[in-house]
Structure formats: C-alpha cells, structure tokens
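Listed below are the residues making up each chain.
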Amino acid sequence: MPKRVLQGVVVSDKGEKTIVVKVERRFTHPVMKKTVRRSKNYHAHDETNVAKVGQTVSIEECRPFSKTKTWQLVSGATSDAPAAEA
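For the structure given in this document, a descriptive report is provided here. Model, not experiment: these values are computed from the prediction. (Residues numbered from 1 in each chain as written. Predicted model: local features only at pLDDT ≥ 70, side-chain atom pairs only at ≥ 80, totals over all residues. Heavy atoms only, no water.)

**As for the overall build of the protein chain**
Then, in step 1: Counting secondary structure elements, the protein chain contains zero helices and five strands.
Then, in step 2: Reading the protein chain from its N terminus to its C terminus gives the helix and strand order β-β-β-β-β.
Then, in step 3: The buried share of the protein chain, taken over its 86 residues, is 26%.
Then, in step 4: Only carbon and sulfur atoms are counted for the fraction: they give 52% of the accessible area of the protein chain, which is about 6,400 Å². (Helix = DSSP H or I, 4+ residues; strand = E, 2+ residues; numbered from the N terminus. Buried < 20%, exposed > 50% of the residue type's maximum accessible area, 1.4 Å probe, protein only. Areas by Shrake-Rupley, 256 points an atom, 1.4 Å probe, with all protein chains shown as cover.)

**Quick word on the pattern of salt bridges**
Then, in step 1: Going through the model one piece at a time under the given rule, you end up with four salt bridges.
Then, in step 2: Between E47 and K17 there is a salt bridge, with the nearest N and O atoms lying 3.0 Å from each other. Residue E47 is located in the loop between β3 (35-45) and β4 (55-61), and its partner K17 is located in the loop between β1 (5-12) and β2 (18-28); the two are separated by 30 residues in the primary sequence.
Then, in step 3: Relative accessible area serves as the criterion here: at 46%, E47 is assigned to the partly exposed category. (Salt bridge = Lys/Arg side-chain N within 4 Å of Asp/Glu carboxyl O.)

**Some thoughts on the side chain of T18**
Then, in step 1: Counting through the fold element by element, T18 comes out in strand β2.
Then, in step 2: By relative accessible area, which is 18% here, T18 ends up buried.
Then, in step 3: A distance of 2.8 Å separates polar atoms of two side chains, one belonging to T18 and the other to K69.
Then, in step 4: Other than its neighbours up to four places away in sequence, T18 contacts S12, D13, H43, A44, D46, N49 and K69. (Polar contact = N/O pair within 3.5 Å; in protein donor to acceptor, adjacent residues only side chain to side chain. Contact = heavy atoms within 4.5 Å.)

**What about the pairing of β1?**
Then, in step 1: Of the strand pairs in this sheet, β1 and β4 are connected by five bridges, and their pairing is antiparallel. Considered in β4, the bridge of G8 is made with V57.
Then, in step 2: In the sheet, β1 pairs with β2 via three bridges, with the strands oriented antiparallel. Paired with S12 across the bridge in β2 is V20.
Then, in step 3: Between β1 and β2, which follow one another and run antiparallel, lie five residues, and K17 among them has a positive phi close to 60°. (Pairing = 2+ DSSP bridges.)

**Here we look at the nonpolar core**
Then, in step 1: Counting 11 residues, the largest nonpolar core is built from V10, I19, V21, V23, Y42, A44, A51, V57, I59, W71 and L73.
Then, in step 2: Broken down by secondary-structure element, the contributors of at least two residues to this core are β2, β3, β4 and β5 (69-79).
Then, in step 3: A total of three residues in this core trace back to one element, the largest contributor, which is β2. (Core = buried A, V, L, I, M, F, W, Y, C linked by side-chain atoms within 4.5 Å.)

In structure tokens, the structure reads:
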C-alpha cells in the first residue's frame, strides 16, 4: 500500500526534530454547492531541523515516532515567506 504524501505550510518548528504542518483541503459542500476550505495540523518528524516557519513542505506517512507524530518530512522544503531582515 503506498504511503500518503501531503503538502502544507510549516506553522511551528519549536520542537526538537518536530515540525507542525498545516494542510488545507478544498471540497464542494454537499448542500450549499460552495467551495469550502478545511485545514488540519500534522506533527511531522524533521531529523535535521531544516524546515522553518512559513516554508511549504511535503510530508509522508510513516511509522509512529510518538503519540501524535506519524508523519515525516520529505526533502524539498521551499520558502514562501519573505526573508527576515536583520
């Protein structure tokens, strides 16, 4: 069975080797016939701590690393946020 791959935006990188990714899905409401947006946060394993807040990343389903962490970062983080000026 293939592993699911989702794409989303990193909303937190505070944890050690952990990131929180917000994944948004769109669907047509069955009654209103209007496009609705729903989002969900996924905890993902980031072995090298490369992902930063605001980056668009892909995550892949994997074995459980902890109670809530069953996804891992797939290489290829791209930055959508403007660079912070110091």
